[in-house]
Structure formats: structure tokens, C-alpha cells
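Breakdown of the fold
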Amino acid sequence: MMNQNEGHHNKLQKLYETQKVALYVLLGLIYSGFLGTQLGRIQAISDFNYTLHELLFVPATLALYLGPVMFLVYFYLLIKYIKKRERGHWGIKSAAKTISVIASIVAILIIMNHQSHEVSTAGIFVLEQKHLVEGKYYLVIDERQIKVSRNEYQLAEVENEYLVSFIWNSRSKKGILETIEPVK
């Protein structure tokens, strides 16, 4: 016969393994969604095969809907495990794993939040100003500071019209030039 202490230990071990699996599923969802989103942002992939480009966003969509559910499942199992285990110290290895997982998720959330405010704009604009700041070249177009190459900076002339395409962040009003052509 199995004594009560052994039974408690086996249940506790099984609960630990279950919450660990839930964490791995959650992390797999988050990391694959993030990776798919980053790869989906690469224009060369879209130009090569648009279907592949669209498929890269499937993990992000799954993470968007299943992530919160898996987080709740993991959090429930974690709380249940913590309540049932004996008081003890976390090992350095466990603490390091926990900190790295939390830090990576926070970093992903910060990056995704920043990227969610990116806007792509194209049209005919008048070049308002040119700036050289700490060795970096900027054109001011439609009240947005757009980073350009040295060559583009030198060729562009203030007060002239250009057909411009750029990506900028709606929070900072800063962006990166994609294309620029003079309007004739």
C-alpha cells in the first residue's frame, strides 16, 4: 500500500508536470506568433510568395485567441501547485527560468505594442525641412521626421514635391523612408 505522503508527492509531481506543459504550450504560442509576425513584415517574403506571407500570420492569430485562454489555464495550474506544495525555497535555476520567461514575454509585448502603431503612408508631399542629427539624415515630410540615407538626403531639395512612401510610428511621428521620386 502506498502511504499518504507518497500519494501527495505523486499528485504534486503530476500537477507540476501539467502546469509545466501548459507553460510550454503558452510560450510556444507566444513565440511562434511573434516569429510569424516578424517574418510576415518582411516585404521580400510577400513578393516571393504571397500565400506564404499570409500563412506566417496564422500563428499570430492563434496566439491572439488561444494565448489568453492558455495563460488562464497556466495561471490556474500554477496557483494550484503553489498552494499544494510544501513551503520551500526556489532554486536559482527556477528563479532564472521564471525571470527569463517573464522578461521575454514583456519584451515581445513592448515590441508588438510599438509595431502596432506603425503606419505606412504614400503620396505626393512637399519636402518641408532637412535635418542632420548626430550623423543621421532626416527629411521632414508632412510634419513627420523620416530617416533617409545620405544620398537621399543630399539629392532632396526643400520646397520640392516628391512621390514618397514611408513607414512611421503614430506615437513618435518618426519613420523610415521606403521610396522617394521627384514629381515632374
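Anything mentioned here points back to the structure above.
It should be emphasised that the depicted structure is a prediction, and the values quoted were computed from it without experimental measurement. (Residues numbered from 1 in each chain as written. Predicted model: local features only at pLDDT ≥ 70, side-chain atom pairs only at ≥ 80, totals over all residues. Heavy atoms only, no water.)

**Digging into the environment of Val-183**
Cut-off, in case you're wondering: Per the convention used, a helix needs a DSSP run of H or I reaching at least four residues, while a strand needs a run of E reaching at least two, with both numbered from the N terminus. Throughout, a residue-residue contact means that at least one pair of heavy atoms, one from each residue, lies within 4.5 Å.
Mapped onto the fold, Val-183 is located in the segment after strand S5 (174-182). Linking Val-183 and Leu-163, residues 20 residues apart in sequence, is a C-alpha distance of 6.1 Å. Filtering out sequence-adjacent residues up to four positions away, Val-183 remains in contact with Ile-124, Glu-161, Tyr-162 and Leu-163.

**Examining the side chain of Thr-121**
Where we set the bar: Think of it in three bands: residues with accessible area under 20% of the maximum for their type are buried, residues over 50% are exposed, and the middle band is partly exposed, with areas taken using a 1.4 Å probe on protein chains only. Between N or O atoms, a polar contact is any pair within 3.5 Å; within protein, one atom must be a potential hydrogen donor and the other a potential acceptor, and residues adjacent in sequence are included only when both atoms are from side chains.
As for its placement among the helices and strands, Thr-121 is situated in strand S1 (residues 118-133). Judged by relative accessible area, which is 17%, Thr-121 ranks as buried. A polar contact is formed between the side chain of Thr-121 and the side chain of Trp-168, at a distance of 2.6 Å. Non-local contacts of Thr-121, meaning those with residues more than four positions away in its chain, are made with Val-164, Ser-165, Phe-166 and Trp-168.

**Thoughts on the packing of aromatic side chains**
Note the cut-off: Note on aromatic pairs: the rings of Phe, Tyr and Trp (six-membered ring only in Trp) are paired at centre separations within 6.5 Å, and the planes decide the class, stacked below 30 degrees, edge-to-face beyond 60, tilted for the rest. Here, a charge over a ring is recorded when the distance from Lys NZ or Arg CZ to the ring centre is within 6 Å and its angle to the ring normal is within 35 degrees.
The tally for this structure, following the rule as stated, stands at four aromatic pairs. Ring centres of Tyr-16 and Tyr-81 lie 5.3 Å apart, and the angle between their planes is 45 degrees; on these two criteria the pair is classed as tilted. Of this pair, Tyr-16 sits in helix H1 (residues 4-40) while Tyr-81 sits in helix H4 (residues 58-84), placing them 65 residues apart in sequence. The interplanar angle of 15 degrees and the centroid separation of 5.8 Å between the aromatic rings of Phe-71 and Phe-75 together place this pair among those described as stacked. In this pair, Phe-71 and Phe-75 both sit in helix H4, four residues apart, roughly one turn of the helix. When the ring centre of Trp-168 is taken as origin, the NZ or CZ atom of Arg-144, which lies over that ring, is 3.8 Å away.

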